[in-house]
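# Observations on chain architecture
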Amino acid sequence: MIILGLNAYHADAAACLLRDGKIVAAAEEERFRRIKHWAGFPSQAIAYCLQEAGIGLGDVDHVALNSDPKVHRLERLAHMMRHRPDPALVLDRLRNRRKRLSVSDELVAAFPGQLFKGTVHRIEHHLAHLASAFFASPFQEAAILSLDGFGDFSSTAWGSGQGKNIAVERRVLFPHSIGLFYQALTQYLGFPHYGDEYKVMGLASYGRPLFLDRLRRVIRLEAAGGFSLDLGYFRHHRERIAFDWQGGAPVFAPLYSDGLEDLLGPARAPNEALTERHRDIASSAQALYEEVLGHILQAVWDNYRLPNLAMAGGCALNSVANGKIRQTTAFRHLYVQPAAGDAGGALGSALAVWHKHGGDRTPPMDHAYWGPGFASADIDRLVMAEAANLAAMGCEIGHFDDDAELCREMASAIAAGHVVGWFDGRLEWGPRALGSRSILCDPRRADIKELLNHKIKRRESFRPFAPSILAEHAAAWFEGIDDVPFMTEVLPIRPDKHALVPAITHVDGTGRPQTVRQKANPAYHALISAFFVRTGIPMVLNTSFNENEPIVCTPREALDCFLRTRMDILVLGHVMIRRRQDTGLLGLPDSRYAADNHVSDSHVGGS
Ligand SMILES: [Fe+2]
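Residues numbered from 1 in each chain as written. Predicted model: local features only at pLDDT ≥ 70, side-chain atom pairs only at ≥ 80, totals over all residues. Heavy atoms only, no water.

Before going further, it helps to spend a moment on the sheet that holds strand β13 (residues 395-399). With mixed pairing, eight strands are arranged side by side in an open sheet as β13-β22-β21-β14-β15-β20-β16-β19. The sheet is open, and its two edges are formed by β13 and β19 (514-516), each paired on a single side. Within this sheet the neighbouring strands show an average axis-to-axis angle of 25 degrees, counted without direction. Against the sheet, helix α14 (residues 376-392) engages β13, β21 (569-572) and β22 (575-579), with an angle of about 150 degrees to β13. (Pairing = 2+ DSSP bridges. Helix = DSSP H or I, 4+ residues; strand = E, 2+ residues; numbered from the N terminus. Axes fitted to C-alpha atoms, helices over the stretch in contact; angles between N-to-C directions. Contact = heavy atoms within 4.5 Å.)

As summarised here, the arrangement of the five strands in space is β8-β7-β6-β11-β12, forming an open sheet in which the pairing is mixed. Two strands lie at the open edges of the sheet, namely β8 (165-173) and β12 (333-336), each paired on one side alone. Across the sheet, the mean angle separating the axes of adjacent strands is 20 degrees when strand polarity is ignored. In this structure, strand β6 (residues 141-151) lies alongside strand β7 (residues 154-162), joined through eight bridges in antiparallel fashion. If you follow Ala-143 over to β7, its bridge partner there is Ser-160. Across the face of the sheet, helix α11 (residues 276-304) comes into contact with β6, β7, β8 and β11 (308-312) while running at roughly 145 degrees to β6.

A separate point is helix α5 (residues 103-110). Those residues of α5 not exposed but buried are Val-103, Glu-106 and Leu-107. An end-on view of α5 places all buried positions within 100 degrees of arc, on one side of the element. Residues of α5 that are exposed and angled more than 90 degrees away from the buried face: Asp-105 and Ala-109. (Buried < 20%, exposed > 50% of the residue type's maximum accessible area, 1.4 Å probe, protein only. Arc of directions from axis to C-beta.)

The subject of this paragraph is the confidence of the model for the protein chain. Residues of the protein chain with pLDDT of at least 70 account for 92%, and the chain-wide mean is 91. The low-confidence segment residues 583-607 (pLDDT under 50) makes 57 contacts with residues lying over four places distant or belonging to another chain. (pLDDT = per-residue confidence, 0-100.)

Right, let's get into the pairing of β12. Of the pairings in the sheet, the one linking β11 to β12 comprises four bridges and is parallel in character. Its bridge partner lying in β12, Leu-309 is registered against Leu-334. Taking the sense of rotation as the criterion, the β-α-β connection linking β11, helix α12 (residues 319-328) and β12 turns out right-handed. (Right-handed = clockwise from strand over helix to strand, strands pointing away.)

Attention now goes to the packing of aromatic side chains. Evaluation of the coordinates by the stated rule reveals twelve aromatic pairs. Look at Tyr-182 and Tyr-289: their rings are 5.8 Å apart centre to centre, the planes differ by 85 degrees, and that puts the pair in the edge-to-face class. Linking Tyr-182 in helix α7 (residues 178-188) with Tyr-289 in helix α11, this pair joins segments that are 107 residues apart in sequence. Of the two residues, Tyr-182 and Tyr-289, neither departs from the other in class, the shared state being buried. Between the aromatic rings of Tyr-335 and Phe-486, the centroid separation amounts to 6.4 Å while the plane-to-plane angle is 85 degrees, which identifies the pairing as edge-to-face. (Phe/Tyr/Trp six-rings, centres within 6.5 Å; stacked < 30°, edge-to-face > 60°.)

Taken together, the side chains of Leu-77, Met-80 and Met-81 make up a nonpolar region of the molecular surface, amounting to roughly 310 Å² of accessible area. Within the fold, Leu-77 resides in helix α3 (residues 73-83). (Patch = residues over 30% accessible without salt bridge, like charges linked within 9 Å, V, L, I, M, F, W, Y side chains within 5 Å. Areas by Shrake-Rupley, 256 points an atom, 1.4 Å probe, with all protein chains shown as cover. Salt bridge = Lys/Arg side-chain N within 4 Å of Asp/Glu carboxyl O.)

Coordination of the iron ion by the protein involves His-125 (NE2), His-129 (NE2), Asp-148 (OD) and Asp-342 (OD), with metal-donor separations of 2.0 to 2.2 Å. In this structure, the iron ion is coordinated by four donor atoms arranged in irregular fashion, with angles at the metal of 92 to 161 degrees. Motif for the iron ion, donor spacing along one chain: H-x3-H-x18-D-x193-D. One end of the pair, His-125, is in helix α6 (residues 125-135); the other, Asp-342, is in the loop between β12 and α13 (344-356), and 217 residues separate them in sequence. Residue class for His-125 comes out buried when judged on its relative accessible area of 1%. Using a relative accessible area of 9% as the deciding quantity, one classes Asp-342 as buried. (Donors = N, O, S within 2.8 Å, 3.2 Å for Na, K, Ca; no water. Tetrahedral: all angles 85-135°; square planar, octahedral: opposite > 155°, others 65-115°.)

The next thing to look at is unusual backbone geometry. Cis geometry marks the peptide bond from Phe-174 to Pro-175; its omega dihedral reads 5 degrees. Tracing the backbone through its elements, the reader meets Pro-175 in the loop between β8 and α7. Its identity as a non-glycine residue notwithstanding, Asp-12 has a phi of 55 degrees, on the positive side. Using a relative accessible area of 15% as the deciding quantity, one classes Asp-12 as buried.

Below, the structure written as structure tokens:
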């Protein structure tokens with residue numbers, strides 16, 4: 001049975017294909033369209049999924065969409081009567097609803113000449129999130145929680161999963177949403193783009209929660225894990241704010257009202273300097289989010305008393321809060337699949353349909369490599385075509401038949417302070433680069449932000465970098481660590497290790513690790529192992545392979561990114577492209593960073 005799952009007309013449009021309940025392919029549309037968070041109908045991601053499966057549209061038995069406009073009709077009506085929203089908002093919603101109802105027409109239009117004979121299923125937005133969390137998890141039994149801005153008129157849902165079944169116990173409906181609260185505060189702090197919430201999360205660790213008391217007026221905690229927003233601080237319940245899109249980057253109007261500025265002071269303009277007040281407000285917003293999450297989780301725990309928790313929805317990407325769950329609640333194991341945001345609805349809706357049809361339980365998703373991969377021949381062809389150009393630009397090309405030799409060479413280069421673009425295997429599913437499309441550096445460098453900003457990325461100084469660590473060494477470096485293959489938890493780094501890895505140690509002594517198992521990604525595991533042999537440090541700094549764009553998908557995009565930045569080395573499978581002339585390490589002598597075998601790290605520690 002072939003099931004095609006879609007997240008369409010939402011941010012992070014995506015497609016996922018299951019064959020007999022097993023994932024064959026999953027990818028976000030933004031990776032193909034090259035526009036971050038692309039929202040609309042994911043025709044290119046669908047085309048990729050069909051190609052990966054070696055089938056045509058006519059072979060698809062079921063299409064599952066993570067949206068069902070028919071749910072909560074009475075509640076929608078009651079809301080309209082109560083709040084009398086802008087008529088343009090109502091028209092917008094109706095238009096989008098009509099659009100969503102014609103998904104089979106959209107499919108046929110996107111694949112001219114192909115017949116679609118399958119059945120279309122609409123899976124309620126949060127049920128799709130919950131299905132993506134539970135059915136992809138290793139748990140046979142778990143409490144499940146979905147938290148986001150909004151989808152199908154609700155923002156929160158929780159319940160339990162058992163074997164092939166999911167039961168939803170409770171929901172929080174529009175206009176109340178902890179995800180929307182966080183998004184509104186993100187806008188207030190001068191980060192207007194969809195998906196900027198992680199910037200506030202990063203900024204929060206530099207501030208103190210001095211506004212927490214004041215902010216508590218914005219959200220009221222209610223019995224049995226419920227909560228409500230004080231709507232006086234928001235606009236989304238009465239004004240025209242898009243939650244659905246027909247193509248392009250998702251754009252939101254301001255979600256907060258003047259009331260929030262009366263409460264916290266003037267909002268920050270996007271280019272305004274960040275002050276202590278902004279950092280303190282970020283810290284307070286994060287603290288309030290954690291309070292509300294804790295309140296919900298307590299109710300969920302009280303209800304089920306199950307040690308396992310699976311989470312999804314955009315809020316499940318709040319890795320700082322996630323990292324505290326096992327410390328502050330009774331839950332012992334947490335699973336967050338890599339595309340926990342709306343893209344994951346493509347996976348979840350497909351999984352929901354599969355299990356509804358009585359299919360065997362899907363194998364746990366223990367790696368994220370479900371996107372396009374490229375044959376060595378494709379890479380060789382590209383490199384040959386570009387050979388003269390690369391030579392003219394001062395690049396050397398090397399081919400490595402021996403994997404171990406390539407890993408040793410890369411480990412030496414990273415240890416010598418070079419910035420390496422690593423392109424290997426299939427593209428990651430979800431927002432994080434996890435060792436297929438990654439830029440790698442030495443985690444021992446104290447000047448990493450300056451170095452990476454100089455060579456590749458212009459990004460805010462408060463945004464931390466994260467490590468990929470050999471799973472077998474993780475407990476020696478991080479406190480309270482379980483498996484975190486998808487970088488979904490920020491955890492305390494053991495105090496005696498802070499000085500050894502200043503590049504990935506946040507200001508508050510935490511880090512956001514990816515635990516790498518040999519089985520999940522043998523090539524990446526071998527590379528980090530080689531770095532460990534070289535330096536005694538079982539991790540590398542891993543940042544996404546891109547430059548203000550979606551993560552690179554193809555070898556061509558990786559090469560273009562390499563050439564337009566000052567990256568030192570690009571590895572495309574077995575090909576290494578190295579700039580002959582080092583672009584310089586900010587005027588610092590290489591010897592300061594050159595690593596001998598098992599070097600004493602005192603000379604780089606925290607200085
Ligand atoms: Fe969602």
